[in-house]
Amino acid sequence: MRSPISNGSRTTSLPASTRKGKKRATIRPVCLGSLLVVMYIVFLSLILSLFDEEDHAEPLLDPKPSSADSLSHEDEGKGEKRQQSVDGRSSSRSGADDNVIRSFCGKCIWKDSPYSCDTRVKWEMENRGVSELTAKRNNLSHCLQPHEAHVADFCGDCAWKGNMPFTCDERVQWEIAHRNSIELDAKKRNLKYCKKPPYILSNLCGGCAKSKELNMTSKKYREGTPCWEIMTRRMNKGAVATTEDAGRLVANEFPACKLCHPDNCWREYFDEAQLSDRINEGDARDNLGYHTKYWRFDQSAPEFRNPTTLVLPSIPDELRLPTHRVKDIEAYLTEIYHDFESRNDTDHVPMLIEYNPGLAQIPPQMKAKLPSNAAYLVALRVTPANNCFRRDQMQSLDQKVWDHTMMSATNLLGLALLDEKYEILPGYDIIVDIASQLELQRDGYGTTYFGEPTFMDYRLFTLNGEVYLHANADITVVTKLDIMSKEHFDKKTANNGKYCKKENGTWWRGDKNGDESPCTIDVVHGEDNLVVRMKHNFNAIWSGGDRGKNFALFSVPNATHPDELESTYAEVDINPIHRVQQLNLDAIDKLPRYIVKKRIRRNYAVDVIMMRQALAYGNVTDSDEAPPRSFYTIDEHWFPETGAFREAGHGGACCVSFTKEEVLAQGEHIYLTPEIWGEENDYLLMGVAHTSVTWKHWYSDPSREAEKAMLPHTHYISFFYAFEPRPPFNIRARSGYFCLGFAAEDGSEKGPFNQHSTLTFNRKLSQHNETFSCPQIHFVSSFVEKVGDPSTTVIGYGINDCTPRIIEVTKKEVARMIFSDPWEMKIESGHRAKD
């Protein structure tokens with residue numbers, strides 16, 4: 001009788017010869033599947049280990065370290081003694097040491113080895129005879145405490161190293177399990193293999209959503225209906241099913257919506273001549289179709305060099321945020337607030353933070369009265385108010401303490417001389433309190449120093465060989481400065497106008513000229529090497545109305561009298577209509593008090609300034625509407641209906657001149673036609689503007705947190721723009737949006753370490769549940785030509801109202817962004833992307 005073996009629904013019998021011999025081994029399908037899974041896991045582990053070993057190009061515990069890696073034991077010991085000597089004399093080094101200790105990640109993996117950073121430090125201490133601090137400092141770039149900003153563009157779904165049969169998330173989990181790594185460190189170490197693409201591709205044509213059919217108006221759309229709105233209506237009515245088909249339908253129906261056609265919108269990015277030059281290339285690509293590139297803000301930013309962080313030495317150590325109190329910031333802010341509240345002998349809580357650097361080249365006649373190596377004058381906002389911390393980091397903080405942290409009435413002005421490397425000249429930095437000295441401090445809630453500040457966001461402009469100080473009060477105010485070393489200042493003969501009030505505690509009666517006379521500004525903090533004098537009282541720029549602020553100032557040659565001083569202008573609005581006002585910043589047209597009373601934010605103390613209207617010539621000029629952006633960013637893809645940011649840009653900073661030759665030096669990476677440049681223009685002026693997320697009425701509604709997370713408010717981006725140097729100052733081109741980054745933590749940042757830099761990572765730019773590798777707020781406060789190098793620009797900006805930073809960007813790079821080649825920045829050929 002045969003022994004049956006079940007095989008699914010069939011029953012078979014073994015032949016007699018098989019039964020008589022040795023039993024045959026059988027494997028059930030379930031067992032076979034389990035075995036294959038185990039074999040795959042083993043294979044995966046071997047592959048990971050193989051690539052892990054492949055990355056370990058440098059041994060960790062080499063008993064004979066190379067000279068490139070370190071000093072000899074003896075030399076390092078001497079170097080350490082010298083360093084200890086320097087440490088004893090330098091408070092900035094002490095702050096840097098605190099940062100090393102706080103930022104060092106002992107549990108992180110050293111470089112790409114199987115050892116921890118703590119193991120590396122211990123080895124250096126034992127084998128090189130260095131201190132723990134020195135060892136940590138030597139290895140900080142490989143052992144930096146990771147945080148979310150470091151891995152904002154980590155792509156977990158991407159294949160590891162681009163072609164491996166497992167994802168980046170799987171690699172991270174493997175390192176956590178097999179190398180005792182922490183998740184953030186594993187992500188940071190693998191970021192070079194796991195970066196998100198710099199842009200996404202979409203069938204939605206760039207610029208489509210912003211196009212309008214002007215002949216279709218309504219109560220909601222008085223200036224024309226957006227093409228995206230028309231597309232949405234067609235889809236809602238069932239005329240088409242997809243965005244792509246809706247784009248075709250609307251583009252064929254309304255000529256103004258031709259940018260919405262997914263098959264040929266790319267042709268609108270070129271003029272006829274350029275199109276004919278590329279038609280063969282276009283025909284070759286047509287078979288594959290086209291995508292529009294929507295760039296990430298942190299990937300569209302300009303390339304830069306020589307990043308430098310500033311630290312204002314004149315801020316006393318006792319007024320700086322102690323590094324050891326960062327972890328209990330709630331308790332610290334509460335302590336200093338209650339101490340301030342209970343005292344009458346202090347003007348502000350004992351904490352000052354500097355940010356928003358405004359640079360200006362020092363004019364030749366002023367250099368004669370300053371140290372020979374002085375190249376720039378920089379202005380900084382110095383205040384307890386900051387955005388170094390998020391609100392959710394201080395859940396237990398009283399609202400009044402939080403309000404005072406976010407909006408302190410004390411906004412001092414820091415001034416310093418910089419050399420060509422952006423280093424502060426020793427002894428030539430001061431902090432002044434103009435609002436208090438001129439008795440212009442805004443009245444607050446109960447006491448003088450509770451409420452909003454009088455002056456904010458200081459900027460400097462060099463115009464006609466003079467330096468002008470610009471600030472936001474109720475509106476924009478401006479004065480002219482005289483800066484000199486103390487040896488060039490004769491205090492006995494120096495005259496002061498009656499508005500100056502006092503100098504060094506002595507009250508001045510003033511002279512007969514009053515507001516048009518100079519005023520020597522008292523130094524609140526810092527040495528007395530630098531003397532600053534206002535040449536006249538502040539004048540107000542009323543061209544933008546009672547809330548106009550952030551006006552950039554610029555000058556161009558006098559059109560009718562070329563030998564005279566250049567004509568001076570203020571940018572009232574940047575886009576979509578460039579609105580500009582010609583001014584005499586040193587002359588006034590006195591306004592009656594009843595006019596200045598109409599301001600929305602009234603500060604009675606500054607009425608005397610508001611009445612001093614800077615003399616305006618003619619009316620504000622209105623340009624043609626600004627052209628489309630040179631590339632598109634991811635916000636337009638995510639929020640095509642409403643948009644994420646306000647369309648109108650604010651200054652920003654201006655202006656740097658660019659000749660056509662300087663732009664063409666970029667070569668193949670630009671797209672420039674006579675129509676874009678303008679045939680009459682020998683040069684264009686370029687600036688940097690910012691805009692922010694449009695405020696929604698529901699931001700104050702706690703029940704709509706999910707929507708606020710998708711589109712959080714008070715998030716900033718910037719863009720470059722170029723305009724003609726003559727009225728009506730038409731904008732010829734503008735870049736897409738970008739954000740500027742955090743200060744580097746790995747030692748590559750120039751200048752002294754600013755202890756607030758690490759705090760800026762608390763606030764990151766985010767949108768649509770995506771986080772970017774840049775701050776929530778980057779505020780560009782200066783854009784000037786580099787001293788001694790006309791091919792390079794210098795940008796100064798504040799990071800999250802917490803730290804000042806300076807970077808250099810070549811004119812070629814700015815030109816690449818403003819006049820970018822559409823094939824590089826706007827469109828890409830290939831198989832069609834899905835909606």
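The shown structure was predicted, so the numbers you read here are calculated from the model rather than taken from an experiment.

Describing the overall build of the protein
When its secondary structure is counted, the protein shows 23 helices and 35 strands. Per-residue burial for the protein yields a buried fraction of 53% across its 835 residues. At a minimum sequence separation of 6, the contacts of the protein that also span at least 24 residues come to 69%. For the protein, the exposed area adds up to about 38,400 Å²; of that, 50% sits on carbon and sulfur atoms.

Quick look at the sheet that holds strand β7 (residues 305–309)
Strands sit in the order β7-β34-β33-β32 across an open sheet of four strands; the sheet is antiparallel. Each edge of the open sheet is held by one strand with a lone partner, namely β7 and β32 (778–786). Across this sheet, the average inter-strand angle for adjacent strands is 20°, counted without regard to direction. In terms of strand pairing, strand β33 (residues 789–799) meets strand β34 (residues 803–810) through eight bridges, oriented antiparallel. Pairing of Gly-796 across the sheet is with Ile-806, part of β34. Against the sheet, helix α22 (residues 811–818) contacts β32, β33 and β34, and its axis sits at roughly 85° relative to β34.

Thoughts on the state of the cysteines
One pass over the structure, following the stated rule, counts ten disulfides. A disulfide bridge connects Cys-500 with Cys-519, and the sulfur atoms are separated by 2.1 Å. In this structure, the disulfide formed by Cys-500 and Cys-519 twists by about 70° around the S-S bond and is classed as right-handed. Linking Cys-500 in the loop between β14 (476–485) and β15 (502–503) with Cys-519 in strand β17 (residues 519–520), this pair joins segments that are 19 residues apart in sequence.

A short note on the pattern of salt bridges
Between side chains of opposite charge, pairing is possible as soon as their charged atoms come close. All told, the structure shown has 43 salt bridges when counted by the stated rule. The salt bridge partner of Glu-124 is Arg-128, with a shortest N-O separation of 3.4 Å. Residue Glu-124 and its partner Arg-128 are located together in helix α5 (residues 117–128), separated by four residues, close to a single helical turn. Each member of the pair, Glu-124 together with Arg-128, is buried. Each of Arg-171, Glu-175, Arg-179 and Arg-189 takes part in a single network of salt bridges with overlapping partners.

Re the packing of helix α12 (residues 329–341) against helix α14 (residues 399–406)
α14 packs onto α12 with a crossing angle of 90° between their chain directions and a minimal axis gap of 10 Å. As summarised for this structure, α12 and α14 are arranged roughly perpendicular, according to the angle between their axes. Facing α12, whose interface residues are Leu-333, Thr-334, Tyr-337, His-338, Phe-340 and Glu-341, α14 presents Lys-400, Val-401, His-404 and Thr-405. The residue inventory of the contact of α12 with α14, partitioned by class, reads four nonpolar, four polar and two charged.

Observations regarding the pairing of strand β8 (residues 353–361)
Across the nine residues of β8, eight count as buried, placing the element largely inside the fold. Strand direction decides the pairing type here: β8 and strand β9 (residues 376–383), joined by seven bridges, are antiparallel. Bridge assignment links Ile-353 to a residue of β9, and that residue is Thr-383.

So, the packing of aromatic side chains
Taken as a whole and assessed by the stated rule, the structure comprises 25 aromatic pairs. When the ring of Trp-160 is compared with that of Tyr-193, the centres are 5.4 Å apart and the planes differ by 75°; the resulting orientation is edge-to-face. Taken together, the residues Trp-160 in the loop between α6 (132–138) and α7 (168–178) and Tyr-193 in the loop between α8 (183–189) and β3 (199–202) connect sequence positions 33 residues apart. Members of the aromatic cluster, connected to one another through ring pairs, are Phe-297, Phe-554, Tyr-569, Trp-638, Phe-645, Phe-719, Tyr-721, Phe-723, Phe-729, Tyr-737 and Phe-772. The ring of Tyr-737 carries Arg-629 above its face, with NZ or CZ at 4.3 Å from the centroid. Just above the ring of Phe-658 sits the side chain of Lys-811; from NZ or CZ to the centre is 5.3 Å.

Some remarks on the sheet that holds β8
The strand order across the open sheet formed by five strands is β8-β9-β10-β11-β18, and the pairing between neighbours is antiparallel. If you trace the sheet from one side to the other, it starts and ends with β8 and β18 (525–526), each paired once. Summarising the sheet, strand β11 (residues 424–432) and β18 pair through two bridges and their orientation is antiparallel. Within the sheet, the bridge partner assigned to Ile-431 lies in β18 and is His-525.

Remarks on the nonpolar core
Counting residues in hydrophobic clusters, the biggest one holds 45 residues, and the most contacted among them are Leu-417, Ile-434, Phe-455, Val-477, Met-534, Phe-538 and Met-610. Counting residues per element, this core draws most heavily on β11, which supplies four residues. Contact partners of Phe-455, with chain neighbours within four places excluded, come to Asn-411, Ile-434, Ala-435, Leu-440, Ala-471, Asn-472, Ala-473, Val-477, Phe-538 and Ile-609. Core analysis: the second largest hydrophobic core is formed by 43 residues, Phe-551, Leu-583, Leu-585 and Ile-731 among them.

Here we look at the environment of Val-531
Among the secondary structure elements, Val-531 is positioned in strand β19 (residues 530–534). In this structure Val-531 comes out as buried when scored by relative accessible area, which is 8%. Val-531 sits 42 residues away from Phe-489 along the chain, and the two C-alpha atoms are 7.3 Å apart.

Quick look at the side chain of Thr-308
Within the secondary structure layout, Thr-308 lies in strand β7. A polar contact is formed between the side chain of Thr-308 and the backbone oxygen of Asn-306, at a distance of 3.1 Å. In contact with Thr-308, not counting residues within four places along its chain, are Lys-421, Tyr-422, Glu-749, Lys-750, Gly-751, Pro-804, Arg-805 and Ile-806.

Re the confidence of the model for the protein
Scored by pLDDT, the protein comes out at a mean of 82, with 81% of its residues at no less than 70. Predicted confidence is poor over residues 1–23, with pLDDT under 50, and the contacts of this stretch with residues over four places away or in other chains come to 15 contacts. In this model residues 444–449 is a low-confidence stretch, pLDDT under 50, and it forms 15 contacts with partners more than four residues away in sequence or in other chains.

Things to note about unusual backbone geometry
In this structure, the amide linkage connecting Cys-654 to the following residue, Cys-655, adopts the cis form with an omega of 5°. Relative to the helices and strands, Cys-655 resides in strand β26 (residues 650–659). Residue Pro-727 is joined to Pro-728 through a cis peptide bond whose omega torsion reads 5°. In this fold, Pro-728 is placed in the loop between β28 (716–723) and β29 (731–734). Located in the positive-phi region is Tyr-422, a residue other than glycine, with phi close to 70°. Checked against the element boundaries, Tyr-422 lands in the loop between β10 (412–418) and β11.

Considering the environment of Tyr-115
Assignment of secondary structure puts Tyr-115 in the loop between α4 (91–103) and α5. Tyr-115 sits 65 residues away from Asn-180 along the chain, and the two C-alpha atoms are 9.6 Å apart.

Remarks on α5
Here α5 contains twelve residues, and its C-alpha end-to-end distance of 16 Å stays within 8% of the 16 Å for a straight helix at 1.5 Å per residue. When α5 is considered as a whole, its buried residues turn out to be Cys-117, Arg-120, Val-121, Trp-123, Glu-124 and Arg-128. Down the axis, α5 shows its buried residues gathered within 160° of arc, on one side only. Set apart from the buried face of α5 by more than 90 degrees, the exposed residues are Lys-122 and Glu-126.

Quick notes on α22
Across the eight residues of α22, seven count as buried, placing the element largely inside the fold. Among the residues of α22, those classed as buried are Lys-811, Glu-813, Val-814, Ala-815, Arg-816, Met-817 and Ile-818.

So, the packing of helix α9 (residues 227–236) against helix α10 (residues 243–253)
Their axes nearest at 9 Å, the elements α9 and α10 cross at an angle of 115°. The handedness of the crossing between α9 and α10 comes out as right-handed. Every residue of α10 that contacts α9 at Cys-227, Trp-228, Ile-230, Met-231, Arg-234 and Met-235 is listed here: Thr-243, Ala-246, Gly-247, Leu-249, Val-250 and Glu-253.

Conventions adopted
Residues numbered from 1 in each chain as written. Predicted model: local features only at pLDDT ≥ 70, side-chain atom pairs only at ≥ 80, totals over all residues. Heavy atoms only, no water. Helix = DSSP H or I, 4+ residues; strand = E, 2+ residues; numbered from the N terminus. Buried < 20%, exposed > 50% of the residue type's maximum accessible area, 1.4 Å probe, protein only. Contact = heavy atoms within 4.5 Å. Areas by Shrake-Rupley, 256 points an atom, 1.4 Å probe, with all protein chains shown as cover. Pairing = 2+ DSSP bridges. Axes fitted to C-alpha atoms, helices over the stretch in contact; angles between N-to-C directions. Disulfide = S-S within 2.5 Å. Salt bridge = Lys/Arg side-chain N within 4 Å of Asp/Glu carboxyl O. Parallel < 35°, antiparallel > 145°, perpendicular 65-115°, else oblique. Nonpolar A, V, L, I, M, F, W, Y, C, P; charged D, E, K, R; others polar. Phe/Tyr/Trp six-rings, centres within 6.5 Å; stacked < 30°, edge-to-face > 60°. Lys NZ or Arg CZ within 6 Å of the ring centre and 35° of its normal. Core = buried A, V, L, I, M, F, W, Y, C linked by side-chain atoms within 4.5 Å. Polar contact = N/O pair within 3.5 Å; in protein donor to acceptor, adjacent residues only side chain to side chain. pLDDT = per-residue confidence, 0-100. Expected span 1.5 Å × (residues − 1). Arc of directions from axis to C-beta. Left-handed = near helix turned anticlockwise from the far one by under 90°.

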